[in-house]
Amino acid sequence: KMVVPFIGAGVSVSSGFPTWADHLRQQGRTAGVPVEKIETWLAQGKFEQAIAYIEELHGPEVLAQEICDVFSKTGNIQDITLHIAELFKDTLITTNYDRLLEQVFDTGTTSPVQVINGVNAMEQPAPDKTTIIKMHGDIKYPQRCILGKAQYDAAYGEAKLDLERPIPKMLRYYFTNNSLLFIGCSLKNDRTIQAFKAVK
């Protein structure tokens, strides 16, 4: 089986991006959410509840704009990212919105990278390029990003997980046919982990 890295926010932190939890803390402060309320949700891994509450107070447009403002910046490439690019030339999967992985593969010639986002999750990888699967979207196209609870519901299933939807289907494919190496992932009980548990 091919080893496919599954890259979380921890990899982007050293490059100047916040963890998802820290970003939600900041959005919570901006929206006036009591600190203890946010901290309780984060400690329990209930990120979607935090997002839904922030959306309720500030509106989904403000939530999305703040995510764009933070994650569309150019990151500082660190050793960890360089090592990932050296080791993995075929397929990489990430839940990150930022463009750090594209940066590290950018040699200035014709684009060596094919980005597949959540909307086109089952698109066929190009055999002559490194495929970066950005499960929850690419900040370059914020309208295609999975940001709030309604979008998570649409992507993964409303009442329960739907393994036939594009993102869970893609996760099932890679989980079943490859060995996944988790790098910089919290592995909390989010929708991604729920999908892996359902497949298992």
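Along each chain, residues carry numbers from 1 onward, in the same order as the chain's sequence is written. The predicted origin of the model limits local features to residues at a pLDDT of at least 70 and limits the giving and counting of side-chain atom pairs to 80 or more, whereas totals for whole chains, interfaces and linings rest on all residues. Values shown for side chains rest on all heavy atoms present in the structure; no hydrogens or waters enter the calculation.

1. What about the environment of valine 62?
Structurally, the position occupied by valine 62 is in helix H5 (residues 60-71). According to the relative accessible area criterion, valine 62 is partly exposed, its value standing at 31%. As a C-alpha pair, valine 62 and leucine 101 span 39 residues in sequence and 26 Å in three-dimensional space. Secondary structure follows DSSP: runs of H or I at least 4 residues long count as helices, runs of E at least 2 residues long count as strands, and numbering of each begins at the N terminus. For every residue, the accessible area obtained with a 1.4 Å probe (protein chains only) is divided by the maximum for its type, and the residue is called buried under 20%, exposed over 50%, and partly exposed between those limits.

2. Section: the pattern of salt bridges
A side chain with one charge may pair with a side chain of the opposite charge, provided their charged atoms come close. For this analysis, a salt bridge means a side-chain nitrogen from Lys or Arg found within 4 Å of a carboxyl oxygen belonging to Asp or Glu. One pass over the full model with this rule turns up 12 salt bridges. We note a salt bridge from aspartate 22 to arginine 25, for which the minimum N-O separation is 2.6 Å. Pair noted here: aspartate 22 and arginine 25 are both in helix H2 (residues 20-31), with a separation of three residues, about one helical turn. For the salt bridge of arginine 99 with aspartate 138, the shortest nitrogen-to-oxygen distance reads 2.4 Å. Of the two residues, arginine 99 is situated in the loop between strand E2 (91-94) and helix H7 (100-105) and aspartate 138 in the loop between strand E4 (130-134) and helix H8 (149-156); the sequence distance between them amounts to 39 residues. Given a relative accessible area of 25%, arginine 99 falls into the partly exposed group. Because the salt bridges share partners, they merge into one network encompassing Glu48, Lys149, Asp153 and Arg191.

3. Observations regarding the packing of aromatic side chains
Stacked, tilted and edge-to-face are the three classes assigned to paired rings of Phe, Tyr and Trp, where Trp is represented by its six-membered ring and a pair needs centres within 6.5 Å; plane angles under 30 degrees give stacked, over 60 edge-to-face, the rest tilted. Under the counting rule described, the total for this entry stands at 11 aromatic pairs. With a centroid separation of 6.2 Å and 10° between ring planes, the pair formed by phenylalanine 17 and phenylalanine 71 is classed as stacked. On the criterion of sequence distance, the pair formed by phenylalanine 17 in the loop between helix H1 (9-13) and H2 and phenylalanine 71 in helix H5 is long-range, its members being 54 residues apart. Grouping residues by exposure puts phenylalanine 17 and phenylalanine 71 together as buried. These aromatic residues form a ring-pair network of at least three members: Phe6, Phe175, Phe182 and Phe196. Charge-over-ring placement is defined geometrically: NZ (Lys) or CZ (Arg) within 6 Å of the ring centre, and within 35 degrees of the ring normal. Looking at lysine 37, its charged tip hangs above the ring of tyrosine 53, at a distance of 5.0 Å from the centre. Above the ring of tyrosine 141, the side-chain terminus of arginine 144 is found at 5.3 Å from the ring centroid.

4. Some thoughts on the nonpolar core
Definition used in this section: a nonpolar core is a set of buried Ala, Val, Leu, Ile, Met, Phe, Trp, Tyr and Cys residues joined via side-chain atoms within 4.5 Å. One finds Trp20, Leu24, Ile67, Ile93, Tyr97, Met135 and Leu171 to be the most contacted residues of the largest nonpolar core, which totals 39 residues. Those elements that place two or more of their residues in this core are strand E1 (3-7), H2, helix H3 (35-43), helix H4 (47-58), H5, H8, helix H9 (166-177) and helix H10 (191-199). Ranked by size, the runner-up nonpolar core spans 12 residues in total, among them Val11, Leu92, Val113 and Ile132.

5. Let's talk about the pairing of E2
Residues of E2 alternate between two faces, with Thr91 and Ile93 on one and Leu92 and Thr94 on the opposite face, all of them buried. DSSP calls a pair of strands paired once it identifies at least 2 bridges connecting them. As defined by bridge partners, E2 adjoins E4 across four bridges and the pair is classed as parallel. Residue pairing for E4: threonine 94 is matched across the bridge by lysine 134.

These figures capture arrangement, not role.
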